[in-house]
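For reference, the chains in residue letters:
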Amino acid sequence: LTTLANRSQHLSDFIARFKEISNLSAPQLSSVNLDSVIEQVLTLFKQQTIQSKINIKFNSTQNTLMMIDTSQIEQVLINLIKNALEAVEDKSIKQINLNLSQNHLNQVILDITDSGTGIEAHVLDMIFVPFFTTKQQGSGIGLSLAHQIMVQHGGDLTYIDKPDVGACFRLTFN
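Keep in mind the model is a prediction, meaning the values are calculated, not measured.

## Observations concerning the packing of helix α2 (residues 34-44) against helix α4 (residues 70-88)
For step 1, the next point in the chain: Two numbers describe how α2 lies on α4: the axes approach to 10 Å, and their chain directions differ by 50°. In terms of orientation, α2 lies oblique with respect to α4. As for how α2 packs across α4, the hand of that crossing is right-handed. Between α2 and α4, the contacting residues are Leu34, Val37, Ile38, Gln40, Val41, Leu42 and Leu44 on the first element and Thr70, Ile73, Glu74, Leu77, Ile78 and Ile81 on the second.
For step 2, the next point in the chain: Class assignment of the residues belonging to the contact of α2 with α4 gives a composition of 10 nonpolar, two polar and one charged.

Okay, here's the thing in C-alpha cells:
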C-alpha cells in the first residue's frame, strides 16, 4: 500500500507538471518597461545572492518599453536566474551578468551569462525538451516553459556558446 501511495503521488506530481506546460495561457500583453521588470526579479534574489556571495550585474543600454505579459516574462527570468545561481553556487568566481541591448534588426536582446561550467555539448539538443533535466532534483520544466513563453511572445530563447563564459541564455524580443 505504501508503494502504491508513493507511486500515486509521483503520478499526481507528473500530471501537475505536465498540466503547467500544456495549459500555458496566451500572453496578456501590456506596455511595460523591461528594465523595471528585470530589476524587480533581481530583487527577489537579493538575499540569496548576499548570503551566497554571488555578484549579479545588470547592464542596459536603453530604457526599453515592451509589449509583454509581465507575469510570464518574470517567470522566464526567475527560471533562468535560478539556474544561473545554481550553476555558480560552488564556483570560486560567482558572477552572473544580465545584458540588455538592441541588435541590428531592432530586436531587444537579453543575455544572461554565468561563471559556471556551462552546458555539456551532448545535452544541448535536449535542454528545451519538457521533463529533460541534468539535475538530480530537477523537474525539467523550467527551460521548456521559458522557451514556450518566449515563443508565445513572438520571440525566442536560445543557448549561446560563448568562450570564457559558463552558460549564456539569450532572450530575443521582436
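More follows now that the structure is in view.
## Some details on the sheet that holds strand β2 (residues 55-60)
Hydrogen bonds along the backbone pair up the strands of a sheet, which may run parallel or antiparallel.
For step 1, the next point in the chain: Taking strand neighbours across the sheet as the criterion, the five strands line up as β2-β4-β5-β7-β6 in an open arrangement whose pairing is mixed. Of all strands in the sheet, those bounded by a partner on one side alone are β2 and β6 (156-159). The sheet shows a mean angle of 15° between the axes of neighbouring strands, taken without regard to direction.
For step 2, the next point in the chain: Its contacts with the sheet place helix α5 (residues 142-152) against β6 and β7 (168-173), and it is angled at close to 135° to β6.

## Digging into unusual backbone geometry
Excluding glycine, a negative phi dihedral is what most residues carry, and trans is how most peptide bonds are arranged.
For step 1, the next point in the chain: At Asn106, a position not held by glycine, the phi torsion is positive, near 65°.
For step 2, the next point in the chain: Under the relative-accessibility criterion, Asn106 is labelled exposed at 57%.

## A look at α4
For step 1, the next point in the chain: For α4, which comprises 19 residues, the first-to-last C-alpha distance of 27 Å matches the rise-based estimate of 27 Å (1.5 Å per residue) to within 8%.
For step 2, the next point in the chain: Among all positions in α4, only Gln72, Ile73, Val76, Leu77, Asn79, Leu80, Ile81, Ala84, Leu85 and Val88 are buried.

## Let's talk about the side chain of Gln95
For step 1, the next point in the chain: With respect to the helices and strands, the residue Gln95 is situated in strand β4 (residues 95-102).
For step 2, the next point in the chain: A polar contact is formed between the side chain of Gln95 and the side chain of Asn97, at a distance of 2.8 Å.
For step 3, the next point in the chain: Filtering out sequence-adjacent residues up to four positions away, Gln95 remains in contact with Asn55, Lys57, Val88, Thr113, Asp114 and Ser115.

Conventions used here
- Residues numbered from 1 in each chain as written.
- Predicted model: local features only at pLDDT ≥ 70, side-chain atom pairs only at ≥ 80, totals over all residues.
- Heavy atoms only, no water.
- Axes fitted to C-alpha atoms, helices over the stretch in contact; angles between N-to-C directions.
- Helix = DSSP H or I, 4+ residues; strand = E, 2+ residues; numbered from the N terminus.
- Parallel < 35°, antiparallel > 145°, perpendicular 65-115°, else oblique.
- Left-handed = near helix turned anticlockwise from the far one by under 90°.
- Contact = heavy atoms within 4.5 Å.
- Nonpolar A, V, L, I, M, F, W, Y, C, P; charged D, E, K, R; others polar.
- Pairing = 2+ DSSP bridges.
- Buried < 20%, exposed > 50% of the residue type's maximum accessible area, 1.4 Å probe, protein only.
- Expected span 1.5 Å × (residues − 1).
- Polar contact = N/O pair within 3.5 Å; in protein donor to acceptor, adjacent residues only side chain to side chain.

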